[in-house]
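Understanding the architecture of this molecule
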Amino acid sequence: MIFHSDTSIVTIDRFIIEQEAKFPEATGELSGILYDLAVAAKMISSKVRRAGLIDILGAAGSENVQGEHQQKLDVIANLIITKAMDHGGRLCAMASEEEEGIIAIPPQFRCGKYVLLFDPLDGSSNIDVNVPVGTIFSVLRRITPGTGNGTVEDMLQPGFTQVAAGYVIYGSSTMMVYTTGHGAHGFTLDPSIGEFLLSHPHIRTPERGKYLSVNDSYERYWSEPVRALMRRYRGLDSQREPMNVRYVGSLVADFHRNLLGGGIFVYPANSKNPNGKLRLLYECNPLAFIQEQAGGACSDGRQRLMDVVPTELHQRSPLFLGSKADVETAAAMLQAER
Ligand code: AHM
Ligand code: MG
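Parameters at a glance
Residues numbered from 1 in each chain as written. Chains lettered and ligands numbered in written order. Predicted model: local features only at pLDDT ≥ 70, side-chain atom pairs only at ≥ 80, totals over all residues. Heavy atoms only, no water. Buried < 20%, exposed > 50% of the residue type's maximum accessible area, 1.4 Å probe, protein only. Helix = DSSP H or I, 4+ residues; strand = E, 2+ residues; numbered from the N terminus. Pairing = 2+ DSSP bridges. Near = heavy atom within 4 Å. Polar contact = N/O pair within 3.5 Å; in protein donor to acceptor, adjacent residues only side chain to side chain. Areas by Shrake-Rupley, 256 points an atom, 1.4 Å probe, with all protein chains shown as cover. Nonpolar A, V, L, I, M, F, W, Y, C, P; charged D, E, K, R; others polar. Donors = N, O, S within 2.8 Å, 3.2 Å for Na, K, Ca; no water.

A word on the pairing of strand β12 (residues 319-322). Of the two faces of β12, the one carrying Leu319 and Leu321 and the one carrying Phe320 and Gly322 are both buried. Where strand β10 (residues 263-267) lies against β12, four bridges are found, and the strand directions are antiparallel. Residue pairing across strands places Ile264 opposite Gly322, the latter belonging to β12.

Pasting the structure below:
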């Protein structure tokens, strides 16, 4: 836990406001969005913490009708974020990995100048087996004129235009990490007071990593350059020390470990999924922004990921995300594919 010199604890609220104060032109709207997201994260955390109990109750309930009303946690998380964010007057639209179209701001509320994209509960298939899951979010400034609801056009902006991004990991503790382009900062939820406290200011990721996160059951579908890259990471071509393979299969958990310990998360294109699996707007761009702010890098195998101009809301992208030297190796070795 980080204390100020006057020994006061730095809450996420205080940190956000102190950051905002460095920019006299700031209106406080972005700060409000971040703080509302932190509140939503606490609500989701409390649900996730009881997931095993909810499942037990759900199974029992299904025998006596009430089970019909049991919602899956990813649906609940989606609803929590939507309801926490739709009325503050700061957003003009939202989009979620869980919903096909954009989520409009209800007519009774004012619209603001930002849009929010989010994956409410990434890796939710892991919940049943008590593996960490996460929430990922990205904030963009609207580009369409007017003061009414935003449009898909406001969402289809390249990652480098993000004004804020972050994730929440519901792991052995709950942590929120975010950036507004001035470093990546991590906050740990203190359950005894129900507040996120600054625990990881100015996260820096090692230049070269020790962890490789990849699902190599897809090896038979990879291109030859991708296979050669994986052999390189494993030290099989004697060009580098072998990396340690660690794959949770929950992006936020794999990402968080590699961000702190150094390494690379890889989800390449394969012959079955030519754009990989992960979504550019809800998963790849926000984590790329954090990674770059921590001194790392992110590529789609062809170019800097945050330079990709999206064409669809639910667009997928190959992902090479991690320590700078390891992402550069990917970019160099995959040139053969272009
Ligand atoms: P989801 O958005 O449906 O939860 O899927 C995303 C998850 C990521 O958390 C994880 O990195 C990836 O899917 C794992 O995919 P695979 O099982 O193909 O390795
Ligand atoms: Mg997801």
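The rest of the description comes next.
Our focus in this paragraph is the site of ligand 1. Close contacts around ligand 1 come from 16 residues, with Asp122, Tyr218, Tyr247, Leu251 and Tyr267 the closest. In this structure, an oxygen atom belonging to ligand 1 sits 2.8 Å away from a side-chain N or O atom of Glu97. Gly123 places a polar main-chain atom, nitrogen or oxygen, 2.8 Å from an oxygen atom of ligand 1. Against a free-state accessible area of 480 Å², the protein chains account for coverage of 79% of ligand 1. Among the elements of the structure, β2 (114-122) and β10 are those that each provide at least two residues to the shell around ligand 1. Of the residues that constitute the shell around ligand 1, the class distribution is six nonpolar, five polar and five charged.

So, on to the sheet that holds β12. Here we have five strands laid out as an open sheet, ordered β9-β8-β10-β12-β11, and mixed in their pairing. Edge positions in the open sheet fall to β9 (244-245) and β11 (297-299), since each of these has one partner strand only. Where β11 meets β12, three bridges bridge the pair, whose relative direction is antiparallel. Looking across to β12, one finds that Ser299 is bridged to Phe320.

Turning to the coordination of the magnesium ion (ligand 2), a few remarks are in order. The protein atoms donating to the magnesium ion (ligand 2) are Glu97 (OE), Asp119 (OD), Asp122 (OD) and Glu283 (OE), with metal-donor distances spanning 2.0 to 2.7 Å. Read from N- to C-terminus, the donor residues coordinating the magnesium ion (ligand 2) fall into the pattern E-x21-D-x2-D-x160-E. Here Asp122 lies in strand β2 and Glu97 lies in the loop between β1 (91-96) and β2, a separation of 25 residues in the sequence. Take Asp122: its relative accessible area is 8%, and that puts it in the buried class.

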